[in-house]
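Examining the three-dimensional arrangement
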Amino acid sequence: MQPRLVYTTFPSREAAENVARALVAERLVACANILPGMVSVYRWEGQVERADEVVMILKTTAARAPDVVEAVRARHPYEVPAILVLPVEGGLAAYLGWIGAEVADTPA
């Protein structure tokens, strides 16, 4: 099992929590961390924008990461959401094993 972190941002804690609950319930991710209070400054359609957002970090497997990306995209309110899949180089073996055990190998 190769663990992956999926990083994304949402416009509100409530929106992030709704997606997190669905992904955990569907066993696409073992866990979701939601970090409130982020300010994003970015260029969109030629303009510099500012937004209050929350960060969500999802723990999954390499095998399910593409499904997680699609599930987040499908539920996300943004036209082009920030979704990044990050490799995990290591960690506590028991924790990594827990991620693998909680994430379903294939779609239900």
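Residues numbered from 1 in each chain as written. Predicted model: local features only at pLDDT ≥ 70, side-chain atom pairs only at ≥ 80, totals over all residues. Heavy atoms only, no water.

Side note on the packing of aromatic side chains
Summed over all chains, the structure comprises 1 aromatic pair. Plain terms: the ring middles of Y95 and W98 are 5.4 Å apart, the flat faces sit at 35 degrees to each other, and that makes the pair tilted. Taken together, the residues span about one helical turn, with Y95 and W98 both in helix α3 (residues 93-102) at a distance of 3 residues. Looking at Y95, the relative accessible area reads 34%, which means it is partly exposed. (Phe/Tyr/Trp six-rings, centres within 6.5 Å; stacked < 30°, edge-to-face > 60°. Helix = DSSP H or I, 4+ residues; strand = E, 2+ residues; numbered from the N terminus. Buried < 20%, exposed > 50% of the residue type's maximum accessible area, 1.4 Å probe, protein only.)

Focus on a nonpolar patch on the surface
Taken together, the side chains of V39, V41 and V48 define a hydrophobic patch exposed on the protein surface, amounting to about 280 Å² of accessible area. Within the secondary structure, V48 sits in strand β3 (residues 47-61). (Patch = residues over 30% accessible without salt bridge, like charges linked within 9 Å, V, L, I, M, F, W, Y side chains within 5 Å. Areas by Shrake-Rupley, 256 points an atom, 1.4 Å probe, with all protein chains shown as cover. Salt bridge = Lys/Arg side-chain N within 4 Å of Asp/Glu carboxyl O.)

Section: the environment of L96
Mapped onto the fold, L96 is located in helix α3. With a relative accessible area of 18%, L96 lands in the buried category. Not counting residues up to four positions away in its chain, the partners in contact with L96 are M1, P3, V88, G90 and G91. (Contact = heavy atoms within 4.5 Å.)

Overview of the environment of V39
Residue placement: V39 occurs in strand β2 (residues 31-44). Put simply, V39 and R13 are 26 residues apart on the chain and 13 Å apart in space, counted from C-alpha to C-alpha. The residues contacting V39, other than those within four sequence positions of it, are R50, A51 and D52.

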